[in-house]
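# Architecture and fold: a report
Below, each chain spelled out in residue letters.
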Amino acid sequence: MKKIEAVIQPHKLEDVKAALKAIGVDGMTITEVRGHGRQKGHKEIYRGMEYEVDLLPKMKIEMVVSTARSDEVVQTILSSARTGKIGDGKIFVYDVAEAIRIRNDERGEGAL
Amino acid sequence: MPSRYLSALLLCALTLLAPTIAWAQSIPPATEARISAVETAVKSAQSAGDNAWMLVSAALVLMMTGPGLALFYGGLVRPKNVLSTMMHSFILMAVVTVIWAIVGYSLAFGEGSWFLGDLRYAFLNGVGAAPNADYAPTIPQQTFMIYQLMFAIITPALISGAYAERMKFSAMLLFTVLWMLLVYFPLAHMVWGKGGLLNAFLGGRIPCFDFAGGTVVHISSGVSALVAALYLGKRVGYPDESMKPHNLTLSFIGACMLWVGWFGFNAGSALAASPLATSAFVATHFATATAVLGWLLMEWVRNGKPSVLGGISGAVAGLVAITPASGFVTPMAALVIGFLAGVACFFMVSVVKQKLGYDDTLDAFGVHGIGGTLGAILTGVFATRLVNNGLNGKPLGLVDGNPFQVLNQCFGVLVSWGMAAVGTLVILKICDMLLGVRVNTEQEEEGLDLSLHGEEGYNLEA
């Protein structure tokens, strides 16, 4: 099993969700986060006080899928979240040791 | 009612014919009685109209403090201080009211010395339905009293912009009570009270024009704000940490309520539903419009973007500057005064403050101190008897051919600056000795909502 964690532009969330649904991924966890990589922030001015805002709003999507589907899911996120500009975000893939469904104690890929 | 007016008209016609009748024969007693009945009816009709407008105006001015100023200021602070900042405005609606009832009204409007009223109206003694002919001959003195109270409430609330986010609540209460007694009531008496030193219309030695409170309200609060900001020192983390306004939508709503409420403040200062009230209403609106444009123009040129905060700050600057002038100037002069105020206050807040480095949290000085001073001086320039014939045909300001009025206005400004600065410094020293004026660093970092009031403004996670 793989955990796929994608940090994307907030306005691409709906596209990514729709694309993942289209390939049959039906579970995910979404968090509103702030951060930055190479993307530069912007300047805000309030009555002459200048603030550099370099932590920008992003959406973090987390999901765990079977190892067999991992590449397909990554490809789907790549194509649906990409605008081609700096700030599109990143995808991280982790190995997952175990998955357990709390309702009935089901384990492994069946719990996904 | 219509039949009453009809008979009134009929009797007015009779009154006009009276000399002819008198020439022929003396007026029968019955006619005289009816004439005097008409006079009474006319008086009471005028009083009803004036009283209605003044009660509405009083309510409008209260609305400027809560929710107007509370929203305007509340949106500009950080989320952890939103309630404490709103409380600064709100608590004064209660505290000042009580002081006003006990001695405040009397000290401001009782006929005393040049500098302070006497105690004839203490505990509102004798302040009832009968008008006070010196101040407002057509409305109950009680209406005049409650209207003036609303000014006394908003003035110390304006100062709170300077000490927001770091002053102890207990010290803030003591400060305000002393400030009302030592600064506001004396100044209000000097400018508006009968026999006050600066009162141009009721026997002042050095006649100053201040229609609705450029000196009494805005210079006094703005200069006191500067002294308070300097005395308390900067907020922890200023200016390196981000202290962005946390909710400009609240500030926007508050500023728009201030704009509307200010019609009660300025047009209400005519103390009657008169053409002068209309003139002040118009001047107020026009000055606000150009002040918005002046501030935004400067911002657009200097920063590249016109901001909403700039627009609403400009509006308040314009409202402040037109306050002393509103009942004395033409609409065209109002356009000029507003524009100059927008530009000057922008410059003060966005450029000079950054250079000087003092931390006036919400720019009470930059907007009210500077806007009030500018407005008070420009009142001496643009005041004209065409708008306000309060001196029975004598010229008012520079445009009327009375250049000395500008000097008088400057004197009034100096007195206001001096009283506010010295008074505030002394009072802060007293409060500091008795209570300490500033919260400790832990309380300040935690936020005053939690550390002083035990609650939070935003509990979005249920």
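We now turn to the structure provided with this report. Residue indices begin from 1 for each chain and proceed along its sequence in written order. Chains carry letters from A onward and ligands carry numbers from 1 onward, assigned in written order. Local features are withheld for residues below a pLDDT of 70 in this predicted model, meaning they are given only at 70 or higher, and side-chain atom pairs are given and counted only at 80 or more; totals for whole chains, interfaces and linings count all residues.

## Structural notes on the overall build of chain B
Put simply, DSSP marks the helices as runs of H or I at least four residues long and the strands as runs of E at least two long, and each gets a number from the N terminus on. When its secondary structure is counted, chain B shows 14 helices and 0 strands. Along its sequence from the N terminus, chain B presents helices and strands in the succession α-α-α-α-α-α-α-α-α-α-α-α-α-α. Radius of gyration: C-alpha atoms only; globule rule: 2.2 Å multiplied by the number of residues to the exponent 0.38. In terms of overall size, chain B behaves like a compact globule, its C-alpha atoms giving a radius of gyration of 24 Å where 462 residues would be expected to give roughly 23 Å. By principal-axis analysis of the C-alpha atoms, chain B measures approximately 90 × 50 × 45 Å. The burial criterion counts other C-beta atoms lying within 10 Å of a residue's C-beta, which is placed from the backbone; the residue is buried at 20 or more, exposed at 12 or fewer, and partly exposed between these limits. Relative to its full complement of 462 residues, chain B shows a buried share of 54%. Contact between residues is assigned whenever the C-beta positions, reconstructed from backbone atoms, fall within 7 Å. The contacts in chain B between residues at least 6 apart in sequence include a share of 74% that link residues at least 24 apart.

## Quick notes on the interface of chain B and chain A
The interface is formed by 14 residues belonging to chain B together with 7 residues belonging to chain A. Going through the elements one at a time, α9 (308–322) and α10 (331–356) of chain B are the ones with two or more residues in the side of chain B that touches chain A. With 5 residues, α10(B) is the single largest residue contributor to the side of chain B that touches chain A. Asp, Glu, Lys and Arg are counted as charged, while Ala, Val, Leu, Ile, Met, Phe, Trp, Tyr, Cys and Pro are counted as nonpolar; the rest, among them Gly, fall into the polar class. Split into classes, the residues belonging to the side of chain B that touches chain A amount to 5 nonpolar, 6 polar and 3 charged.

## Here's the deal with the packing of helix α4 (residues 141–163) of chain B against helix α11 (residues 364–382) of chain B
Residues and elements named next belong to chain B. Geometry is summarised by axes, namely lines fitted to C-alpha atoms with helices restricted to the contacting stretch, and by angles between N-to-C directions that run from 0 to 180 degrees. One way to put it is that α4 packs onto α11 with a least axis distance of 8 Å and a crossing angle of 140°. As far as their axial angle goes, α11 and α4 are oblique. On α11, the residues touching L158, I159, G161 and A162 of α4 are A364, F365 and H368. Orientation is classified from the angle alone, with under 35 degrees giving roughly parallel, over 145 giving roughly antiparallel, 65 to 115 giving roughly perpendicular, and any other angle giving oblique.

## Considerations on the nonpolar core
In these notes, a nonpolar core means any group of buried Ala, Val, Leu, Ile, Met, Phe, Trp, Tyr and Cys residues linked to one another through C-beta atoms within 7 Å. Grouped together as the largest cluster of nonpolar side chains are 145 residues, with contacts concentrated most on B:I154, B:L258, B:A325, B:V329, B:I337, B:A341 and B:C345. Broken down by element, the residue count for this core peaks at 15 residues, all from α4(B). If near-sequence neighbours (up to four positions away) are discounted, B:A325 is found in contact with B:F211, B:A283, B:I337, B:G375, B:L378, B:T379, B:F382 and B:A383. Core analysis: the next-biggest nonpolar cluster, separate from the first, contains 11 residues, A:I8, A:L20, A:V65 and A:A81 among them.

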